[in-house]
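# Observations on the three-dimensional arrangement
These are the residues of each chain, in order.
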Amino acid sequence: MRKVYTALEISDSNIKLLILEKINNDFFPIYKDKIDTNGLKDGKILIESEVANSLSILLDNCFKRTGIKIDKTILIVPTVNASFMAVGDSIEIDNLTTSISSYDLSKLYSKLRKDNITYNTEMVMLKPITYYVDGLPVINPIGKEGLNLETRSVLGFMPKNVLYPYFTLLHNLHIDVLGVIYNLVGDYELIKTPETNSSLSVMINMGDDLTYIGIFNKGVLINSSTLNLGINFILKDIASTYNISLANAKFLKDNYISLSSKSSGDYDTINLDTLENINIKIKSEEVSKMFGSRLVSVLRSI
């Protein structure tokens, strides 16, 4: 039987779908797609019907192309409204054998959540940093002998009125949410290295309308912020400079703009019509430099 896993990212101004298949303990991407929607703004669902319609089209296309009907998913949400705190808590071990079990860990996490999450927020991330058994640090407490289990962890949470509309949206489409992760955490997992896992690092993800910044300490997201500027800000500038449509500016980005320092030096000349239907020639070298310059300006404002 095939083991297929689905992730839906609903953020910025689009919805992304990724399907992975697990084969021999490795995951292989077998399908991905993306659709724009007008119902999202600043990390919130503003018009559920718009988002639902876009998501339905995305799911229908997936079924037509793969035969996979999605009824369960991992939900990826933006960090726009995320908050983080370093927390600590402990419990007494009451097992007769005093051997720490997964039940004890669950009990500790439940206490930590209860002691730190307010009635109007929902936990999205709980990442243990260190464990202590009877005051001594351990990497994995399960199976250790002791009377006291303690942890220092990073807790990530969001307002319920921001997060729950995502659940409602998927519930109405008969999709169960198996888990929730932040978009920056997923991005980090794709590019992490032994060096980033052992140091302080910064992740920057520029979306269509927003730029997400995450600070990671030894692979753990400890804080995030959002800049209300994204790729579309740069594309609008390019469109205005050349007096072309936003769609043509996006066409240039997707097909001709290169920021690589290893470019061969052979550049294309692209013929496009202006908004006045005047045909102009644009050098990809020129528009690439413009895009890079605007990108640096955005990054400097972080």
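Up top you'll find the structure we're talking about.
The notes below deal with the structure included here. (Residues numbered from 1 in each chain as written. Predicted model: local features only at pLDDT ≥ 70, side-chain atom pairs only at ≥ 80, totals over all residues. Heavy atoms only, no water.)

### Points about the sheet that holds strand β13 (residues 211-217)
One open sheet holds the three strands; their spatial order is β12-β13-β14, and the pairing between them is antiparallel. Strands with a single pairing partner mark the edges of an open sheet, and in this sheet they are β12 (200-206) and β14 (220-227). Taken pair by pair, the neighbouring strands of this sheet meet at an average axis angle of 20°, ignoring direction. Where β13 lies against β14, seven bridges are found, and the strand directions are antiparallel. Looking across to β14, one finds that Gly214 is bridged to Ser224. (Pairing = 2+ DSSP bridges. Helix = DSSP H or I, 4+ residues; strand = E, 2+ residues; numbered from the N terminus. Axes fitted to C-alpha atoms, helices over the stretch in contact; angles between N-to-C directions.)

### A word on the nonpolar core
Judged by nonpolar contacts, the single largest core of 41 residues is most densely connected at Ile10, Ile15, Leu17, Leu55, Val77, Met158 and Tyr182. Here this core takes six residues from helix α1 (residues 48-66), the largest share from any one element. The contact partners of Met158, leaving out residues within four places of it in the chain, are Val77, Pro78, Asn81, Ala82, Asn120, Thr121, Glu122, Val124, Leu163 and Tyr182. Leu235, Ala239, Leu252 and Leu295 belong to the second largest nonpolar core, which has 21 residues in total. (Core = buried A, V, L, I, M, F, W, Y, C linked by side-chain atoms within 4.5 Å. Buried < 20%, exposed > 50% of the residue type's maximum accessible area, 1.4 Å probe, protein only. Contact = heavy atoms within 4.5 Å.)

### As for the packing of helix α5 (residues 231-242) against helix α7 (residues 284-300)
Relative orientation of the contacting elements α5 and α7 amounts to 135°, with a least axis distance of 10 Å. With respect to α7, the element α5 is oriented oblique. When the axes of α5 and α7 are compared, the crossing they make is right-handed. Contacts between α5 and α7 involve Ile231, Phe233, Ile234, Leu235, Asp237, Ile238, Thr241 and Tyr242 from the former and Glu286, Val287, Met290, Phe291, Arg294, Leu295 and Val298 from the latter. (Parallel < 35°, antiparallel > 145°, perpendicular 65-115°, else oblique. Left-handed = near helix turned anticlockwise from the far one by under 90°.)

### Notes on the packing of aromatic side chains
Using the criterion set out here, one finds five aromatic pairs in the structure. The interplanar angle of 70° and the centroid separation of 5.5 Å between the aromatic rings of Tyr5 and Phe27 together place this pair among those described as edge-to-face. Taken as a pair, Tyr5 in strand β1 (residues 3-11) and Phe27 in strand β3 (residues 26-36) lie far apart in primary sequence, 22 residues in all. What makes Tyr5 partly exposed here is its relative accessible area of 40%. Ring geometry for Phe251 and Tyr256: centres 5.8 Å apart, planes at 65°, overall edge-to-face. Looking at Phe251, the relative accessible area reads 34%, which means it is partly exposed. Given a relative accessible area of 27%, Tyr256 falls into the partly exposed group. (Phe/Tyr/Trp six-rings, centres within 6.5 Å; stacked < 30°, edge-to-face > 60°.)

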